[in-house]
Amino acid sequence: ALSGSTSTLYVTTMAFQSPSSDHLPTYKDVAVAAAVLDGVAHHTPIETSQTLDEQLGVRCFIKCENMQKMGAFKFRGAYTAVNHYLNDDAGKDLKGVLTYSSGNHAQAIALASTKTLGIPSTIIMPTDAPSLKLKATQEYGGNVVFYDRYTEVRDEVAQKVKATLPEGTVFIPPYNHKYVIAGQGTVGKELIEDLQSKSIALDYLFVCVGGGGLISGISLAVKELSPNTVIIGVEPEAGNDAQQSLEKGQIVHIETPKTIADGAQTQHLGDLTFDIMQRNVSKIITVADEQLIDEMKFFGERMKMIVEPTGCLALAGVRKLVGSGEIEKGANCGVIISGGNVDLERYCKLISSTF
């Protein structure tokens, strides 16, 4: 299904109360996560393309989390969170990890918890989860439970599943979690520090937005290390709940959006991610599924990388704002590729699509 009208997706808003400061991560938490992940997660490369820079008239610095363990940034947050529970006062009683995910967080929890640290993991996945992500989750040792994302509420499913699991099982959500956010923030810390070591300062940083874990975590690092950098989130047109939420000043819930960007098919932000985004993110823009396919083709043809649709949101956002004149010529633009996990058969179909 391709992007549809956003107006039909608006469902309801939530009255927003600021979360407790005890639950909100800070840059200090990101720095601690970086130390935890040192030697465990990959320090992913920053790639550039002369062709891209010439096309757009700006300089793009592309942080390649498609090169991360399990193929996406999610490993950072998952490992950071599981490590926290293992090392807190109740760590000896940790009997398992439960989560829900459409794919990348699922793989990340299974890899971090079960395959790496030996802790059983149970993953609630939608019945239409990409087969590559499902297979990898199972191969990493995750026990998968299915649900219908279009007719069931995954929080309710999670409560029912948790009741069947041993006492001492912790729930680690995909994005609305202090240590998950801190772990994702290390993407921004690495990017800014690597560029600063070459005397490069970013004017703009474009980040995809689903539940907001990546952009909120990155924003903590960027505002600490490069406070003048403007942070811009990018969502699929069919699922602009974050855009609506920042505009309305409260969390907006939408129906599950129909978009090829399966990593951004979230229904709402979390209270933690929303709080941080309100303070640190300048704006949220949207792009169409067709634009994501264009960027998949660019990455494949010109940069020799397979990037999943969600991972193309940031570059599509840069191209959109350059085209509208909102980004000045010669600007330094950071671009986050969130992941590269896409079934090859589906990838081939998408890049062969005509509209």
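Novice: Hey, could you run me through unusual backbone geometry in this one?
Specialist: Most peptide bonds take the trans configuration, and most residues that are not glycine carry a negative phi. Residue Met70 is not a glycine yet carries a positive backbone phi of 55°. The topology assignment puts Met70 in the loop between β3 (59-64) and α3 (74-87). Of note, the phi angle at Lys304 is positive, near 60°, even though the residue is not glycine. Along the chain, Lys304 falls in the loop between α11 (289-302) and α12 (313-323).

Novice: Sorry if this is basic, but what is going on with the pairing of strand β6 (residues 143-147) here?
Specialist: Looking along a regular strand, one sees the side chains alternate between the two faces of the sheet. Across 5 bridges, strand β5 (residues 121-126) lies against β6 in parallel orientation. For Ile123, the partnering residue across the bridge sits in β6 and is Val144. After leaving β5, the chain enters helix α5 (residues 131-139) and then returns to the sheet as β6, a path that is right-handed.

Novice: Whenever I open this one, the pattern of salt bridges confuses me. Can you help?
Specialist: Under the defined criterion, the tally for this structure stands at 12 salt bridges. The partner of Lys189 in a salt bridge is Glu193, with the nearest N and O atoms 3.1 Å apart. Placement of the pair is Lys189 and Glu193 together in helix α7 (residues 178-196), with a separation of 4 residues, close to one helical turn. For Glu193, a relative accessible area of 33% puts it in the partly exposed group. Look at the salt bridges and you will find they share partners, linking Lys63, Glu65, Arg76 and Glu190 into a network.

Novice: Honestly, the pairing of β3 in this entry has me stumped. Any pointers?
Specialist: With 5 of its 6 residues buried, β3 lies for the most part within the structure. As paired elements, strand β2 (residues 46-47) and β3 share 2 bridges and run antiparallel to each other. Note on β3: the bridge partner recorded for Ile46 is Lys63. When β3 meets strand β12 (residues 332-337), the two strands line up parallel, connected through 6 bridges. Looking across to β12, one finds that Ile62 is bridged to Val335.

Novice: For this particular structure, what's the right way to read the packing of aromatic side chains?
Specialist: Within this structure, the stated rule accounts for 3 aromatic pairs. A ring pair is formed by Phe75 and Tyr79, whose centres lie 5.8 Å apart and whose planes are at 35°; its orientation type is tilted. Residue Phe75 and its partner Tyr79 are both found in helix α3; the two are separated by 4 residues, about one turn of the helix. Side by side, Phe75 and Tyr79 carry an identical accessibility label, which is buried. Seen from their ring centres, Phe298 and Phe299 are 6.3 Å apart, and the 65° between their planes marks the pair as edge-to-face. This pair shows no difference in class: Phe298 is buried, exactly as Phe299 is.

Reading the values: the criteria
- Residues numbered from 1 in each chain as written.
- Predicted model: local features only at pLDDT ≥ 70, side-chain atom pairs only at ≥ 80, totals over all residues.
- Heavy atoms only, no water.
- Helix = DSSP H or I, 4+ residues; strand = E, 2+ residues; numbered from the N terminus.
- Pairing = 2+ DSSP bridges.
- Right-handed = clockwise from strand over helix to strand, strands pointing away.
- Salt bridge = Lys/Arg side-chain N within 4 Å of Asp/Glu carboxyl O.
- Buried < 20%, exposed > 50% of the residue type's maximum accessible area, 1.4 Å probe, protein only.
- Phe/Tyr/Trp six-rings, centres within 6.5 Å; stacked < 30°, edge-to-face > 60°.

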